[in-house]
Amino acid sequence: MAMLRAASKIFQPFSMAVRTAATQQVSVRDALNQAMHEEISRDPNVFLIGEEVAEYDGAYKVSKGLWKRHGDKRIVDTPITEMGFAGLAVGAAMAGLRPVCEFMTFNFSMQAIDQVINSAAKTHYMSAGKVPVPITFRGPNGASAGVAAQHSQDFSAWYASCPGLKVVSPYSSEDARGLLKSAIRDDNPVVVLENEIEYNSSHPLSEEAQSEDFLIPIGVAKIERAGNHVTMVAVSKSVGLALKAAEELANIGISAEVVNLRSIRPLDIDCIKRSVMKTHHLLTVETGWPMFGVGAEILAQICESEAFYYLDGPMERVTGADVPMPYAHCMESAALPQVENVLNTVSHMLGRKL
């Protein structure tokens, strides 16, 4: 406890971004922090629960300063028992509160998956609509750096396959802020899959996005970069990968359209179809495993739609390797998609040499 008190003195509360008319550069971490602060302030039913979220300011400092601002009843530290505090949060949601349940990493959510899948996701349906479960499960998802196989899994496809859950995964600070606020206000259980590597990344926050009422509708993708020759659909950290590849492709005359998925379930397949019908080529980019992944679902839905007849060649996927994540840095890099993998795949699709 003494260590926690000492740590809380070192990490002072965030200064909330001053609302100005100008676009601001804000980190993903700060955007998430602002969203939770504003929603806790706005709605007395909202509270944050999880391991080390209060006095220690969160394992990744996403909840930094919230305990000092809102106190023990709104920012709740728990023992190390994911099944226990997730079950408590689900029960609180059934009783009319709006908990934000943080998993230190979604790898640890496996300890609580019965609460997420069988309790949170299915209760509204099984109660014939009488018991909504307005809960937000959030935390870092996917590979970090040097944390090996048990701490590097991407759960996008896992949770998105379950009816009753909504699943979102932000890329930018605007995504993080708008999607988290929408998740907290939603009457359904929402899984917010963040990325630890992206917490420090800064992105522009528009004047509109700085508003306390700024929301990004769940189920709506975003065209991050317009293009005409190939559609690249990416999610979370992979959006940055696709954007870097698009810049390099532009240097050789290939115009790539980058679609930031933002919401995995519900999936904005109409946005993807419109892009494919314009570019006539489709590539998906994700860090998760290839088998039964997000990209596999997108390709399947395109095959079943009118957009299939607009394709000028086979669709492709760039994914993580189909192996448990290695610990060694060189092998970890090889197991995750890189810009060169995207470039080589596009080159193959279009029959163009790089």
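Higher on the page you've got the structure.
Cut-offs applied
- Throughout this description, residue numbers start from 1 for each chain and increase along the sequence as written.
- Local features in this predicted model are restricted to residues whose pLDDT is 70 or higher, and side-chain atom pairs enter the listing and the counts only when it is 80 or higher, whereas totals over whole chains, interfaces and linings include all residues.
- Here the side-chain values reflect all heavy atoms present in the structure, with hydrogen atoms and water set aside.
- For the exposure calls, accessible area comes from a 1.4 Å probe over protein chains only, and a residue counts as buried if that area is under 20% of its type's maximum, exposed if over 50%, partly exposed in between.
- A run of H or I in DSSP counts as a helix once it spans at least four residues, and a run of E counts as a strand once it spans at least two, with each numbered from the N terminus.
- Contacts: residue pairs with any heavy atoms within 4.5 Å of one another.
- Between N-to-C directions, angles cover 0 to 180 degrees, with each direction set by a line fitted to C-alpha atoms, over the stretch in contact for helices.
- Throughout, the term roughly parallel applies to angles under 35 degrees, roughly antiparallel to angles over 145, roughly perpendicular to angles from 65 to 115, and oblique to all others.
- Each helix crossing is assigned a hand: it is left-handed if the near helix lies turned anticlockwise from the far helix by less than a right angle, otherwise right-handed if that turn is clockwise.
- Under this grouping Gly is polar, as are all residues other than the nonpolar Ala, Val, Leu, Ile, Met, Phe, Trp, Tyr, Cys and Pro and the charged Asp, Glu, Lys and Arg.
- When we speak of the arc, we mean the arc of directions from the helix axis to the C-beta atoms.
- The convention is simple: Lys and Arg are positive, Asp and Glu are negative, and His and the chain ends are not counted.
- Salt bridges are defined as contacts in which a side-chain nitrogen from Lys or Arg sits within 4 Å of a carboxyl oxygen from Asp or Glu.
- A 1.4 Å probe that fits into a set of points on a 1 Å grid over the protein atoms alone but cannot get out defines a cavity; an open set with protein on both sides within 12 Å along at least five of seven lines defines a pocket, and lining residues are those with an atom within 4 Å of a point.
- Grid points are joined across faces, edges and corners, and a volume is the space filled by probe spheres set on the points.
- In this description, the term disulfide denotes a pair of cysteine sulfurs within 2.5 Å.
- Only when DSSP finds a minimum of two bridges between them are two strands counted as paired.
- What counts as a ring pair is set by centres within 6.5 Å for rings of Phe, Tyr and Trp (its six-membered ring), and what kind of pair is set by the plane angle: stacked under 30 degrees, edge-to-face over 60, tilted for all other angles.
- Sitting over a ring, as applied to charges here, requires NZ of Lys or CZ of Arg to be within 6 Å of the ring centre and within 35 degrees of the ring normal.

Draft legend 1. Representation of helix H10 (residues 269–279) within the structure. Listing the buried residues of H10 in full gives Ile-269, Cys-271, Ile-272, Lys-273, Ser-275, Val-276 and Thr-279. Tucked into the core, H10 has its buried residues touching strand E9 (222–225), strand E10 (230–234), strand E11 (256–260), strand E13 (282–285) and helix H11 (294–303). Positioned one or two residues after H10, His-280 has a phi angle of 70°, which is positive.

Draft legend 2. Up close: the packing of helix H2 (residues 28–42) against helix H8 (residues 173–185). Direction vectors running N to C along H2 and H8 enclose 30°, while the axes themselves pass 8 Å from each other. Relative to H8, H2 is oriented roughly parallel. For H2 against H8, the interelement crossing comes out right-handed. Facing Val-28, Ala-31, Leu-32, Gln-34, Ala-35, Met-36, Glu-38, Glu-39 and Arg-42 of H2, the residues of H8 in contact are Ser-173, Ala-176, Arg-177, Leu-180, Lys-181, Ile-184 and Arg-185. Per-class residue counts for the contact of H2 with H8 are eight nonpolar, two polar and six charged.

Draft legend 3. Examining H11 more closely. If you check which residues of H11 are buried, you get Val-294, Gly-295, Ile-298, Leu-299 and Ile-302. Down the axis of H11, the sector holding all buried residues measures 135°, keeping them to one side. Contacts made by the buried residues of H11 are with helix H7 (156–160), E10, strand E12 (263–265), H10, E13 and strand E14 (316–318).

Draft legend 4. Expanded view of the side chain of Glu-198. Its place among the elements puts Glu-198 in the loop between strand E7 (190–194) and strand E8 (202–205). The charged side chain of Glu-198 is buried without a salt bridge, its nearest counter-charge being Lys-237 at 5.0 Å. Excluding residues that lie within four positions of it along the chain, Glu-198 makes contacts with Val-28, Tyr-171, His-203 and Lys-237.

Draft legend 5. Structural detail: the environment of Gly-253. Tracing the backbone shows Gly-253 in the loop between helix H9 (237–250) and E11. On the basis of relative accessibility, which here comes to 45%, the residue Gly-253 falls in the partly exposed class. Residues Gly-253 and His-229, 24 residues apart in the sequence, show an inter-C-alpha distance of 9.4 Å. Setting aside residues up to four positions removed in sequence, Gly-253 forms contacts with His-229 and Arg-352.

Draft legend 6. Broad picture of the layout of surface pockets. Approximately 390 Å³ is the volume found for the largest pocket. Along its surface, the largest pocket is lined by 22 residues, and Ile-197, Lys-237, Leu-241, Pro-337 and Gln-338 are the ones closest to its centre. Sorting the residues of the lining of the largest pocket by element identifies H9 and helix H12 (329–335) as the ones contributing at least two each. Counting residues per element, the lining of the largest pocket draws most heavily on H9, which supplies five residues. Taken together, the residues of the lining of the largest pocket sort by class into eight nonpolar, 10 polar and four charged. In this model, the second largest pocket occupies a volume close to 220 Å³. Taken together, the elements giving at least two residues each to the lining of the second largest pocket come down to H7, E12 and H11. No other element matches H11, which puts five residues into the lining of the second largest pocket. For the lining of the second largest pocket, the per-class residue count stands at nine nonpolar, three polar and two charged.

Draft legend 7. Geometry of the state of the cysteines. Under the definition given, this model contains zero disulfides. Of all cysteine sulfurs in the structure, the one in Cys-162 sits closest to Cys-101, which takes part in no disulfide; the separation is 16 Å. Residue classification places Cys-101 among the buried residues on the basis of a relative accessible area of 0%. Considering cysteine sulfurs only, Cys-303 is the nearest to Cys-271, which forms no disulfide, with 18 Å between them. Residue Cys-271 is classed as buried on the basis of its relative accessible area, which comes to 6%.

Draft legend 8. Structural context of the sheet that holds strand E4 (residues 98–102). Spatial strand order, E3-E2-E4-E5-E7-E6-E12: seven strands in an open sheet with mixed pairing. Edge strands, defined here as strands with exactly one partner in the open sheet, are strand E3 (75–77) and E12. Taken pair by pair, the neighbouring strands of this sheet meet at an average axis angle of 20°, ignoring direction. For strand E2 (residues 46–50) and E3, the ladder comprises three bridges, and the chain directions are parallel. Looking at the pairing, Leu-48 lines up with Ile-75 of E3.

Draft legend 9. Region of interest: the packing of aromatic side chains. Using the criterion set out here, one finds eight aromatic pairs in the structure. Pairing Phe-106 with Tyr-159 gives two aromatic rings, centres 6.0 Å apart and planes at 70°, and the pair type is edge-to-face. With Phe-106 in the loop between E4 and helix H5 (113–120) and Tyr-159 in helix H7, the pair connects residues that are 53 residues apart, well separated along the chain. Here Phe-106 and Tyr-159 have matching classes, each one buried. Here the aromatic rings of Phe-155 and Tyr-159 are separated by 6.3 Å at their centres, their planes lie at 45°, and the arrangement is tilted. Like Phe-155, the residue Tyr-159 is buried in the burial classification. Through a chain of ring-to-ring contacts, three or more aromatic side chains come together here, namely Phe-85, Phe-103, Phe-106, Phe-137, Phe-155, Trp-158 and Tyr-159. The residue whose ring lies beneath Lys-61 is Tyr-56, and the NZ or CZ to ring-centre distance is 3.4 Å.

Read these as spatial facts, not as claims about activity.
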